[in-house]
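In case you want the letters, here they are:
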Amino acid sequence: MKSGKRIGIMGGTFNPIHNGHLLLAQTAKEQLTLDKILFMPSGNSYMKKNVLETEKRVAMAALAIAGHPDFELSLIEAQKSGNTYTCETLNLLSASNPDTRYFFIIGADILFQIEQWRNPEQIFRMAALACAVRDDYDFQAVQKKGDALAELGAEIYYLNMPKLDISSTDIRANVKNSLSISGLVPPEVAHYIEQERLYYEED
Ligand code: NAP
């Protein structure tokens, strides 16, 4: 049994980071009594194309968590060249902090995708999954999937959280259509998007 810290990993493309991501991380911290949360913007993803450059996604993540003492930015994936894979990231973290217990924080959608990622069973060995079941989800379907993943070694904790109807896709569309994004992202992030004129010409 690991006796060190309990650390959450809030990984994301964060294109852009928004209040749903922040609520998810805070919920995991409170419900699983985590010591801190690492916000980890992804680097290159082989699964997503036309993603805003990493440097700007990182800048927005830094602005979003600036006022939160228990949230910390991790650049492990952002600074890696080539594609990033969660199994490799967890390998690096576990090797340098063998006593730390890691909780990889995810929305329930990811529970249905994670078997297609590289080395899912290795991910399950190195981190527990903290899975948000937003209140519009069919919890039985999520739990059934979770039970199947548990057979492969996954340790899954379910987080209760209210549905916050925010997505990065909608935020980009709002900006492009000159609609407000107030209340969807922290004010500092909204200001950065405006200042850098991000997403104004999205396809
Ligand atoms: P993202 O779109 O930025 O989302 C990050 C997380 O926030 C997801 O778990 C998402 O869950 C959740 N979320 C989004 N909107 C939310 C809301 N309104 N309320 C609550 N939760 C919300 O990032 P992503 O592209 O899914 O990537 C997530 C992580 O998976 C990253 O660390 C990435 O590197 C990793 N990943 C790894 C591989 C691999 O290793 N092969 C492949 C793909 C992704 P939902 O999806 O349920 O909305």
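Here the structure is a predicted model, which means the values were calculated and not measured. (Residues numbered from 1 in each chain as written. Predicted model: local features only at pLDDT ≥ 70, side-chain atom pairs only at ≥ 80, totals over all residues. Heavy atoms only, no water.)

Visitor: Is there a simple way to think about the site of the ligand in this case?
Guide: Taken together, 29 residues surround the ligand, and among them Thr13, Lys48, Gly107, Arg134 and Leu164 come closest. Taking threonine 86, its main chain carries an N or O atom lying 2.9 Å from an oxygen atom of the ligand. In isolation the ligand exposes 900 Å². Once the protein is present, 89% of that is buried. Using a 2 Å cut-off from the grid points, one finds that the ligand occupies the largest pocket. Listed by contribution, the elements that provide at least two residues to the shell around the ligand are β1 (6-12), α1 (19-31), β4 (101-107) and α4 (108-111). In the shell around the ligand, the residues fall into 15 nonpolar, nine polar and five charged. (Near = heavy atom within 4 Å. Polar contact = N/O pair within 3.5 Å; in protein donor to acceptor, adjacent residues only side chain to side chain. Areas by Shrake-Rupley, 256 points an atom, 1.4 Å probe, with all protein chains shown as cover. 1 Å grid on protein atoms, 1.4 Å probe; cavity = no way out; pocket = protein on both sides within 12 Å on 5 of 7 lines; lining within 4 Å. Sits in = over half its atoms within 2 Å of the grid points. Helix = DSSP H or I, 4+ residues; strand = E, 2+ residues; numbered from the N terminus. Nonpolar A, V, L, I, M, F, W, Y, C, P; charged D, E, K, R; others polar.)

Visitor: In this structure, what is going on with the pairing of strand β6 (residues 156-161)? I would like to understand it.
Guide: Pairing geometry for strand β5 (residues 127-134) and β6, over six bridges, is parallel. Within β6, the position partnered with arginine 134 by the bridge is methionine 161. Taking the sense of rotation as the criterion, the β-α-β connection linking β5, helix α6 (residues 139-151) and β6 turns out right-handed. (Pairing = 2+ DSSP bridges. Right-handed = clockwise from strand over helix to strand, strands pointing away.)

Visitor: Please explain the pairing of β4 as it appears in this structure.
Guide: Consecutive side chains of a regular strand alternate in pointing toward one face of the sheet and then the other. Among the seven residues that make up β4, seven are buried, leaving the element largely enclosed by the rest of the structure. What you see with β4 is no split at all: Arg101, Phe103, Ile105 and Gly107 on one side and Tyr102, Phe104 and Ile106 on the other are buried throughout. The pairing of β1 with β4 spans four bridges and is classified as parallel. Each bridged residue has a counterpart across the sheet, and for isoleucine 9 the counterpart in β4 is phenylalanine 104. In this sheet, β5 lies alongside β4 in parallel orientation, the contact comprising six bridges. Paired with tyrosine 102 across the strands is alanine 127, a residue of β5. (Buried < 20%, exposed > 50% of the residue type's maximum accessible area, 1.4 Å probe, protein only.)

Visitor: What should I look at first to understand the packing of helix α2 (residues 54-65) against helix α8 (residues 187-195) in this one?
Guide: Two packed helices can be described by the angle between their axes and the distance between those axes. For the pair α2 and α8, interaxial distance at closest approach is 8 Å and the crossing angle is 150°. In terms of orientation, α2 and α8 fall into the roughly antiparallel class. The handedness of the crossing between α2 and α8 comes out as right-handed. Facing α2, whose interface residues are Lys56, Ala59, Met60, Leu63 and Ala64, α8 presents Glu188, Val189, Tyr192 and Ile193. Classifying every residue of the contact of α2 with α8 by side-chain character gives seven nonpolar, no polar and two charged. (Axes fitted to C-alpha atoms, helices over the stretch in contact; angles between N-to-C directions. Parallel < 35°, antiparallel > 145°, perpendicular 65-115°, else oblique. Left-handed = near helix turned anticlockwise from the far one by under 90°. Contact = heavy atoms within 4.5 Å.)

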